[in-house]
Amino acid sequence: MNNEKLSSDIADFDAVTLSRLYREGSLSPVEATEASLARIDACNLQVNAYCYVDAEGALKAAKESEQRWLTGKPQSPIDGVPSSIKDLTLVAGMPNRSGSLTSSAEPATDNAPFTARMLEAGAVILGKTCTPEFGWKGVTDNRLTGITRNPWNTALTAGGSSGGAAAAAALNMGVLHQGSDAGGSIRIPGGFCGVFGIKPTFGFIPQWPASAMTTLSHLGPMTRSVEDSLLMLDVVAQPDSRDWYSDRLFSGNWSAIPDLPLKGVNIAYSPTLGYVDVDPAVRAEVDHAVSLLVDLGANVEEVDPGFTDPAEIFSTLWFAGAGKVVQGFSEAQRELLDPGFRRIGESGSKIDIVTYMKAVDARAALGVLMNQFHQRFDLLLTPTLPITAFAAGRNTVDDGQKEWMEWTPFSYPFNLTQQPAATVPCGSVNGLPVGLQLVAARGDDARLLAVARRLMQVCKTDTLSSPVIAAPV
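Residues numbered from 1 in each chain as written. Predicted model: local features only at pLDDT ≥ 70, side-chain atom pairs only at ≥ 80, totals over all residues. Heavy atoms only, no water.

Chemist: Account for the pattern of salt bridges, with residues named and values stated.
Modeler: One pass over the structure, following the stated rule, counts 24 salt bridges. For the salt bridge of Arg117 with Glu120, the shortest nitrogen-to-oxygen distance reads 2.9 Å. One end of the pair, Arg117, and the other, Glu120, are both in helix α5 (residues 113-120), 3 residues apart, so they sit about a helical turn from each other. Taking the shortest distance from any N to any O, the salt bridge between Arg342 and Glu331 comes out at 2.9 Å. Note that Arg342 is positioned in helix α12 (residues 339-348) and Glu331 in helix α11 (residues 331-334), a separation of 11 residues in sequence. Residue classification places Glu331 among the partly exposed positions, given a relative accessible area of 47%. Shared partners join several salt bridges into a network, and the residues in it are Glu331, Arg334, Glu335, Arg342 and Glu346. (Salt bridge = Lys/Arg side-chain N within 4 Å of Asp/Glu carboxyl O. Helix = DSSP H or I, 4+ residues; strand = E, 2+ residues; numbered from the N terminus. Buried < 20%, exposed > 50% of the residue type's maximum accessible area, 1.4 Å probe, protein only.)

Put into C-alpha cells, the structure is as follows:
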C-alpha cells in the first residue's frame, strides 16, 4: 500500500483520485468498494441514508472492474467507483420501493437510463438511497424506512427528497450519488448537508419511467466536489429513446469544461428574490461567498429577477402530479400513504383543467421573464435555503407553516423554468452548512459549473470538510 493510501482513509477519496489510483495500479476497485461498504456499516444506522445495500453484488462488480483496470481496458474514468441510486430510479435486481408501503419488494427487471449509463461506465452500484414517499416533500422520511438524518446533527433533517443521497455524499458512503429534483430535491438536501448538487437543464439527462411531476423533474449528481459531478455527467447526460423529452444535448464533454476567468462574468445576486425572509446569519454567509466572486473579478449587481412568488403556480402543478399517483390507489392503499401525500394527492385530483392550464400559462410567462433576465446576466445567485436544517421528522420548520414549499422558496421557481441550478456549500452557521444557489440560462450549464467549481475552491473551510456524527436521538 503506497504512502497516499496509508495517510488517508480510502473511503474519503473522491472519484477523480480513485480513477487516478486505479490507473496507476496502486489501488483496486475492490478495496475502494470494501471501504465504502465499511463506511455504510459504520454510519448508516445513525443517518439512514441507504434503504437497500447490495454488498455481494457491489463486490462482484468491483472485481470485474479490477480486471478491466488490470488489463488497461476500463469502461470509463468512473469504472469501479462506488455509487448509489435514489429509490425512485429503477435498478434491475434491486427493489424499487419509492419509500412507500404500497410498493412491491420484488426486484425491478429494468434499468432506468441513469442506471444503465452508470453500469455501462463500470460504476459499482452499492445500493439505493432513501426518499420520502414518491419524493413528495422537502424532507426525507416515510412509513417504510423511517427518518433520514443530517450528518452534522442527527437530531436534524437531511432535507429531501434526495436526503439519502445527500447524507451519503456528505459522509462518502459511496462517492457518486444520483438525486432527482422536481422542486428543489437535489438542492435542498445538498444545502442542508453541505454537498454539491446540480439539476442540469431539463432534458440533458433522460428520465424513464417519467416522473409523476413530468416536466418539473430533473435528475442529477450529488457529490462532494464539482469535478466528481462532471465525471458523472459525462456518463449519464446521454440520449435515451425511452424519454420523449430528452431532446436537448450538451455540446462537448462535461469534464472538459475549462476554468472560466471570472472577469467580465455578469452576475445578479438576489439575496431574497424580493420576497423571502432569510435568516440573517445565513444571509451573512452567502453575502461573504458572493464577495469572494467580486474579489475574483466578477461583475456582481444586487438585483431581483422581478417575479413574485410562484408558489401557487408550482403547487397547482405539484398537487396535480400527486393526484395522478393517488387516483390509481384503492382505499386500502390510500390508508398506507403518508397522510400529507394523500392530502395533496386528493386535493390535486380535484384541480379542474382550466385552473391547471392557467398555471401552465403562468409557468410559460415566468420562463420568458427568466430568458430575458439572462440576456443581461450570465448567472443568478441566491441562498439555497433561507434557513439551516431544522428538526428531523417534521415537514415544516414550525406549526405556523402548512406546506414544505413555504421554507424552500429559492428552489421551486427554477423547476418551473427548467433552468440549470446548483447548490454550493459556502459556509456554516452554528456548525450547520449553508448553501449558495447558482442559476443559469437554459443550456448554459458549462458556465454555471465553471463558476461553481471556482466558488467551491475559495469557499472550502475545515468546518465543511468532515461532518461529525452526533449520538442518535
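Chemist: Outline α5, supporting the account with residue identities and numerical values.
Modeler: With 6 of 8 residues buried, α5 is to be regarded as a mostly interior element. Among the residues of α5, Pro113, Phe114, Thr115, Ala116, Arg117 and Met118 are the ones counted as buried. Those residues of α5 hidden inside the fold are in contact with β2 (82-86), β3 (124-129), β8 (176-181), β10 (218-223) and α8 (226-236). Once α5 ends, the next one or two residues include Gly122, with phi positive near 90°. (Contact = heavy atoms within 4.5 Å.)

Chemist: Mind laying out the pairing of β3, listing which residues take part and the relevant values?
Modeler: Burial analysis of β3 places 6 of its 6 residues in the buried class, which makes it a mostly covered element. Pairing analysis gives 5 bridges linking β2 to β3, with the strands arranged parallel. Along β3, the bridge assignment pairs Lys86 with Thr129. (Pairing = 2+ DSSP bridges.)

Chemist: Give a description of the confidence of the model for the protein that names residues and reports values.
Modeler: Residues with a pLDDT of 70 or more make up 95% of the protein, whose mean pLDDT is 94. Across residues 1-7, where pLDDT falls below 50, the model places 14 contacts with residues more than four positions away in sequence or in other chains. (pLDDT = per-residue confidence, 0-100.)

Chemist: Please provide a residue-by-residue account of the state of the cysteines, values included.
Modeler: Such a bond, covalent and formed between the sulfur atoms of two cysteines, is termed a disulfide. Across all of its chains, the model carries 0 disulfides by this definition. Of all cysteine sulfurs in the structure, the one in Cys459 sits closest to Cys426, which takes part in no disulfide; the separation is 5.6 Å. With relative accessibility at 4%, the residue Cys426 sits in the buried group. (Disulfide = S-S within 2.5 Å.)

Chemist: Lay out the nonpolar core in plain terms, naming residues and giving numbers.
Modeler: For soluble globular proteins, the rule of thumb is that nonpolar side chains tend to be buried together. If you look at the biggest cluster of nonpolar residues, it comprises 114 residues, and the most contacted ones within it are Met118, Leu438 and Leu449. When neighbours within four sequence positions are excluded, Leu449 is seen to be in contact with Phe196, Ile198, Val226, Leu230, Leu233, Trp254 and Ile257. Counting residues in each nonpolar core, the second largest holds 15 residues, with Ile40, Ala167, Ala168 and Leu171 among its members. (Core = buried A, V, L, I, M, F, W, Y, C linked by side-chain atoms within 4.5 Å.)

Chemist: Summarise the environment of Thr145; cite the residues concerned and give the values.
Modeler: Its place among the elements puts Thr145 in the loop between β4 (141-142) and β5 (146-147). We classify Thr145 as partly exposed; its relative accessible area is 26%. Taking the C-alpha atoms as reference points, Thr145 and Tyr52, separated by 93 residues in sequence, lie 9.8 Å from one another. Excluding anything up to four places from it in sequence, Thr145 contacts Asn48, Cys51 and Cys130.

Chemist: How would you summarise the packing of aromatic side chains if you had to cite specific residues and measurements?
Modeler: Counted according to the given criterion, the structure contains 19 aromatic pairs. Here Phe134 and Phe341 contribute two aromatic rings whose centre-to-centre distance is 5.5 Å and whose plane-to-plane angle is 35°, an arrangement assigned as tilted. Here Phe134 is found in the loop between β3 and β4, whereas its partner Phe341 is found in helix α12, with 207 residues between them in sequence. Measuring from centroid to centroid gives 5.4 Å for Trp244 and Tyr245, while their planes differ by 70°, and the two rings are edge-to-face. With a relative accessible area of 35%, Tyr245 lands in the partly exposed category. Every member of this aromatic cluster is reached through a ring pair, and the members are Phe134, Trp136, Phe329 and Phe341. (Phe/Tyr/Trp six-rings, centres within 6.5 Å; stacked < 30°, edge-to-face > 60°.)

Chemist: Give a detailed account of the packing of helix α10 (residues 311-326) against α12, specifying residues and quantitative values.
Modeler: It is at 6 Å that the axes of α10 and α12 come closest, and there the two elements cross at 100°. Taken as axis vectors, α10 and α12 run roughly perpendicular relative to one another. Facing α10, whose interface residues are Trp318, Phe319, Ala320, Ala322, Gly323, Val325 and Val326, α12 presents Phe341, Ile344, Gly345, Glu346, Ser347 and Gly348. A per-class count over the contact of α10 with α12 returns 8 nonpolar, 4 polar and 1 charged. (Axes fitted to C-alpha atoms, helices over the stretch in contact; angles between N-to-C directions. Parallel < 35°, antiparallel > 145°, perpendicular 65-115°, else oblique. Nonpolar A, V, L, I, M, F, W, Y, C, P; charged D, E, K, R; others polar.)

Chemist: Tell me about the sheet that holds strand β11 (residues 266-269), and please be specific about residues and values.
Modeler: Spatial strand order, β1-β3-β2-β8-β10-β9-β14-β15-β13-β11-β12: 11 strands in an open sheet with mixed pairing. In the strand order of this sheet, the two ends are held by β1 (50-53) and β12 (299-302), each with one partner. Strand-to-strand twist in this sheet, taken as the mean axis angle between neighbours without regard to direction, amounts to 25°. Relative to β3, β1 runs antiparallel, the two sharing 3 bridges. In the strand pairing of β3, Val53 is matched with Gly127. Across the sheet, helix α9 (residues 280-295) lies against β11, β12, β13 (379-383), β14 (421-429) and β15 (432-440), angled at about 115° from β14, the strand it touches most.

Chemist: Pulling in residues and values, what's your account of the packing of α9 against helix α15 (residues 445-459)?
Modeler: For the pair α9 and α15, the least separation of the axes is 10 Å and the interaxial angle reads 110°. Taken together, α9 and α15 sit at an angle that is classed as roughly perpendicular. Regarding α9 and α15, the two cross each other, and that crossing is right-handed. Residues Ala289, Leu292 and Leu293 of α9 pack against Val451, Leu455, Val458 and Cys459 of α15. A breakdown of the residues in the contact of α9 with α15 according to their chemical character gives 7 nonpolar, no polar and no charged. (Left-handed = near helix turned anticlockwise from the far one by under 90°.)

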